[in-house]
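Per-entry structural report
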Amino acid sequence: MAYTALVTGGARGIGAGIVEKLAQEGWNVAFCDLGEEQDYEGRCRELADKYGVRALYIKCDITDDAARRAMLDRILAVFGELNALVNNAGVAPNVRADILEMPESSYDRLMKINLKGPFFLTQLVANYMFKVKETKPDYYGVVVNIASCSATVVSINRGEYCLSKAGVAMATRLWAVKLAQIGVNVYEIRPGVIKTDMTSTVTAKYDKLISEGLTLQPRWGYPEDIAKAVAMFLRGDLGYSTGQVIDVGGGMEIGRL
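Since this is a predicted model, take the numbers as computed values, not measurements. (Residues numbered from 1 in each chain as written. Predicted model: local features only at pLDDT ≥ 70, side-chain atom pairs only at ≥ 80, totals over all residues. Heavy atoms only, no water.)

1. Some details on the pairing of strand E2 (residues 28-33)
- For E2, the tally of buried residues reaches 6 of 6 residues, placing the bulk of the element in the interior.
- Side chains Asn28, Ala30 and Cys32 of E2 all project onto a buried face; the interleaved residues Val29, Phe31 and Asp33 project onto the opposite face, where all are buried too.
- Sheet topology note: the strand E1 (residues 4-8)/E2 ladder contains 5 bridges and is parallel. Residue pairing for E2: Leu6 is matched across the bridge by Ala30.
- Note: E2 against strand E3 (residues 55-59), 5 bridges, orientation parallel. Residue pairing in the sheet places Asp33 in a bridge with Lys59 of E3. (Buried < 20%, exposed > 50% of the residue type's maximum accessible area, 1.4 Å probe, protein only. Helix = DSSP H or I, 4+ residues; strand = E, 2+ residues; numbered from the N terminus. Pairing = 2+ DSSP bridges.)

2. Observations regarding the packing of aromatic side chains
- A full pass over the atoms with the stated rule returns 10 aromatic pairs.
- Summarising the aromatic geometry, the rings of Tyr3 and Trp27 are spaced 5.5 Å apart at their centres and angled 45 degrees between planes, so their arrangement reads as tilted. One end of the pair, Tyr3, is in the segment before E1; the other, Trp27, is in the loop between helix H1 (13-24) and E2, with 24 residues separating them in the sequence.
- Overall, the relative accessible area of 6% leaves Trp27 in the buried class.
- Relative to Phe120, the ring of Phe119 lies with its centre 5.2 Å away and its plane at 80 degrees, an arrangement referred to as edge-to-face.
- Grouped by ring-pair contacts, the aromatic residues Tyr3, Trp27 and Tyr140 constitute a single cluster.
- The ring centre of Trp220 lies 3.9 Å from the NZ or CZ of Lys195, which sits over that ring. (Phe/Tyr/Trp six-rings, centres within 6.5 Å; stacked < 30°, edge-to-face > 60°. Lys NZ or Arg CZ within 6 Å of the ring centre and 35° of its normal.)

3. Here's the deal with the packing of helix H3 (residues 65-79) against helix H4 (residues 104-135)
- Interaxial distance between H3 and H4 falls to 10 Å at its minimum, and their mutual angle equals 40 degrees. If you check the angle between H3 and H4, you find them oblique. The handedness of the crossing between H3 and H4 comes out as right-handed. Packed against H3, whose contacting residues are Arg68, Arg69, Met71, Leu72 and Leu76, the element H4 presents Gly117, Phe120, Leu121, Leu124 and Tyr128 at the interface.
- Across the contact of H3 with H4, the residue classes break down as 7 nonpolar, 1 polar and 2 charged. (Axes fitted to C-alpha atoms, helices over the stretch in contact; angles between N-to-C directions. Parallel < 35°, antiparallel > 145°, perpendicular 65-115°, else oblique. Left-handed = near helix turned anticlockwise from the far one by under 90°. Contact = heavy atoms within 4.5 Å. Nonpolar A, V, L, I, M, F, W, Y, C, P; charged D, E, K, R; others polar.)

4. Description of the sheet that holds strand E4 (residues 84-87)
- Spatially, the 7 strands line up as an open sheet ordered E3-E2-E1-E4-E5-E6-E7, and their pairing is parallel. The sheet terminates laterally at E3 and strand E7 (244-248), the two strands that pair on one side only. Taken pair by pair, the neighbouring strands of this sheet meet at an average axis angle of 15 degrees, ignoring direction.
- Bridge count for strand E6 (residues 185-191) against E7 is 5 bridges, and the pairing is parallel. Among the inter-strand pairings, Pro191 is bridged to a residue of E7, identified as Val248.
- The strands that H1 touches are E1, E2, E4, strand E5 (142-146) and E6; relative to E1, the one it contacts most, it runs at about 170 degrees.
- In the packing of helix H5 (residues 159-179) onto the sheet, contacts are made with E5 and E6, and the angle to E6 comes to roughly 160 degrees.

5. Things to note about the environment of Ile99
- If you trace the backbone, Ile99 turns up in the loop between E4 and H4.
- Along the backbone, Ile99 and Gly159 are 60 residues apart, and their C-alpha atoms lie at a distance of 6.0 Å.
- If we ignore the near neighbours within four places in the chain, the residues touching Ile99 are Ile156 and Gly159.

Taken by themselves, the reported measurements are silent on function.
Take a look at the structure:
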């Protein structure tokens, strides 16, 4: 039986890249999002035909407890088991504002979607994993959080985003400690400047910064760059490690004089 992964925010951008890569590697994939306008069933058929796996789209608001529980129930009903959770869903501020003017509503929105939702989805899945491990000692599980270089790199015009991703970094450590009790590893990936619809409004800004040396590797990152790192973790390539952070940002995280 093939392993099954859940990728949140998997309909577009980094999430869609992760879904594609995992399917390519033989994983059954469930992915959730809030969109309705796209042909997600067609996307699932495409993945199945292309890679010989099973794929499932679920519309889910990960900030809603009932929706999270219904999603897990659906996954278990379709696939029988869940082995990997990739917490990728996240949003940027609607308006970039200096921290002197940042509205409280924007802070609340980002903390709810970027931190609270993934944390309590992980809690739900972790409880499931503990239960499965009681009757299936050889159960394989893994959790990957998609955080951001903004967990440590300051952007004063989107402080709420930085704070939410710093929270994700601590959540990685918390769940790594807890899930180590049942042999489930937890990892974190911190993307740098990745070309997605989230960064489309600042393309010119980052084109200029990259050309001026922002990244040691002089290019944008792409969803497939993140997807490769996720696949590495899910394969168990770094089995004797947990709580580890991988920066996927072309070297921009290295401090320079």
